[in-house]
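Chain by chain, the residues:
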Amino acid sequence: MNICVIGTGYVGLVTGACFAELGNKVTCVDIDKEKINHLKKGVVPIYEPGLAELVRKNQKRRRISFTTDLKEGVRSSAVIFIAVGTPPKDNGEADLTYVENVSRQIAECMRSYKLIVEKSTVPVETGERIKYTVEINNRNKVDFDIASNPEFLREGSAIHDFMHPDRIVIGVESKGARELLVELYKPLKAPLVVTDLRSAEIIKHASNSFLATKISFINAISNVCERTGADVKKVAEGMGLDKRIGRSFLEAGVGFGGFCFPKDLGAFIHICEKVGYDFGLLRETEKINEAQKRLLVKKIHDVLWIVKGKTIGVLGLSFKPNTDDIRFAPSLDIIAALQQEGAKIKAYDPKAMEKAAAVVKNVKFCKNAYEAAKDANCLVVVTEWDEFKKLDLKKIKKVLRQPLLVDGRNIYEPEAMKALGFKYVSIGRP
Ligand code: NAD
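Computed from a predicted model, the values in this text were never measured in an experiment.

Draft legend 1. Highlighting the overall build of the protein chain. Looking only at helices and strands, one finds 18 helices and 14 strands in the protein chain. In summary, the protein chain has a C-alpha radius of gyration of 23 Å against a globular reference of 22 Å for 430 residues, a match within 12%. Considered along the principal axes of its C-alpha atoms, the protein chain spans approximately 70 × 50 × 40 Å. Here the protein chain, with 430 residues, has 54% of them falling under the buried criterion. The long-range share in the protein chain, meaning contacts at least 24 apart out of those at least 6 apart in sequence, stands at 73%. With the model as given, the accessible surface of the protein chain reaches about 19800 Å², and the carbon-plus-sulfur share is 53%. Between the mean site of the 68 positive side-chain charges and the mean site of the 55 negative ones, the protein chain shows a separation of 5 Å.

Written as structure tokens, this is what we have:
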């Protein structure tokens, strides 16, 4: 099929590259000229394992191309995916300006039937708003359908997740739209959930809110463990083996971040309020998450006593491992809080330092974890990159000014750290 993907960010670019890999002809559109110029040369501006190779391979086969000209992409395709950003406004509501903008532009330039698919995460009823926008700008009275096809990929394993999804959700209003999307996704052989538009939109917000709640739940349990001398890792293991609960998303830590959970949770709370339902459980999920970030700063206080003038080494800046994405990363709040108290920050992240350098000030970026630890009064683990799990901890202890390690992701074992001579503090463990 000829497909157009509008927005070539973490979701759009992966979607475009994977559809090309499945044998479709994909035109990727973005307003960011620099991004498109890079992509045309096979330079992928984000870090996502395997993505650069997949893009270049399909460029060579002429199955994927890049343009800033939306008209070119729309006119050459029957199926158009909207994958632009839906960032949060100050009140938590999703800002749908980009979605509206793109919907209008599609309507203005289409000349033949189009299936317009919302891939971006959007509040319920956005499909109807897109339909309305296309209708009032449909100068050539062209036939069209709207569908919702929320994306569940995770940064860091995005290609695998796209190619091997647990399920594909399709919200449609017509048989034609359904048939097109079923055909497009057929090669993935994944369970398909076909619904109406609104249910598909709610599935995405409900799923992310549920996962965020699971994280906040185990973080709340970690607070109980700290007050009772229990070990949250053992508690999570004991809970997680129950198939009804499951082990994933039961890692206590510094809280969730990224471009999905915080913003989708906020947007869902907002939309629930708007339709007259106070979803108190989700407000509590948010509250626990904010408290968890502050808890790490408090733990740093506890081990250092005075933070002012001290040097703190930070390991990990991305909101999770295997990505360079720092949007809403807990590291940003933690660094800001420590700097406000007069701490000097040294930091190392395997992939996210370039992006972090654009948003944090007065941070010394280091070329590895040992350099970040060197002469620091305390070392703090904020993101659980695999390479941090394999560090030579004897060497770390040697280069630190004081053997203080605050582990916000529980990646080391308390007994072993004690034996090495560290004052080691983690989350929810004695
Ligand atoms: P992103 O910011 O990485 O990418 C968005 C892209 O859209 C940018 O490149 C931007 O330049 C482009 N854009 C904005 N306006 C445009 C316009 N008028 N025309 C063409 N391009 C335009 O965002 P992302 O992380 O890919 O997220 C996109 C959507 O997918 C969001 O709604 C997000 O919630 C959702 N989502 C994200 C993830 C994730 O892990 N990042 C997972 C599932 C769903």
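Draft legend 2. Structural context of the pairing of strand β6 (residues 144–148). In terms of burial, β6 is a largely internal element, 5 of the 5 residues being buried. The alternating pattern of β6 places Phe144, Ile146 and Ser148 on one face and Asp145 and Ala147 on the opposite face, and all of these are buried. Judged from the 5 bridges that link them, strand β5 (residues 114–118) and β6 form a sheet pairing that is parallel. In the sheet register, Ile116 faces β6, and the bridge partner there is Ile146. In this view, the connection linking β5 to its parallel neighbour β6 by way of helix α6 (residues 126–137) has right-handed handedness.

Draft legend 3. How the structure looks around the packing of helix α1 (residues 10–21) against helix α3 (residues 51–60). Contact pair α1 / α3: the axes reach a minimum separation of 9 Å and the direction vectors enclose 50°. Looking at the two axes, α1 sits oblique to α3. Here α1 and α3 pass one another in a crossing that is left-handed. Residues Leu13, Val14, Ala17, Cys18, Ala20 and Glu21 of α1 pack against Leu51, Leu54, Val55, Lys57 and Asn58 of α3. Residue composition of the contact of α1 with α3, by class: 8 nonpolar, 1 polar and 2 charged.

Draft legend 4. Local environment of helix α8 (residues 175–185). Taken together, the buried positions of α8 are Ala177, Leu181, Leu184 and Tyr185. Buried residues of α8, viewed axially, fall in a sector of 90°; they line one side.

Criteria and thresholds
- Residues numbered from 1 in each chain as written.
- Predicted model: local features only at pLDDT ≥ 70, side-chain atom pairs only at ≥ 80, totals over all residues.
- Heavy atoms only, no water.
- Helix = DSSP H or I, 4+ residues; strand = E, 2+ residues; numbered from the N terminus.
- Rg over C-alpha atoms; globule rule 2.2 N^0.38 Å.
- Buried < 20%, exposed > 50% of the residue type's maximum accessible area, 1.4 Å probe, protein only.
- Contact = heavy atoms within 4.5 Å.
- Areas by Shrake-Rupley, 256 points an atom, 1.4 Å probe, with all protein chains shown as cover.
- Lys, Arg positive; Asp, Glu negative; His and termini not counted.
- Charge placed at Lys NZ, Arg CZ, Asp CG, Glu CD.
- Pairing = 2+ DSSP bridges.
- Right-handed = clockwise from strand over helix to strand, strands pointing away.
- Axes fitted to C-alpha atoms, helices over the stretch in contact; angles between N-to-C directions.
- Parallel < 35°, antiparallel > 145°, perpendicular 65-115°, else oblique.
- Left-handed = near helix turned anticlockwise from the far one by under 90°.
- Nonpolar A, V, L, I, M, F, W, Y, C, P; charged D, E, K, R; others polar.
- Arc of directions from axis to C-beta.

Everything listed here is a matter of coordinates, which is why it stays silent on function.
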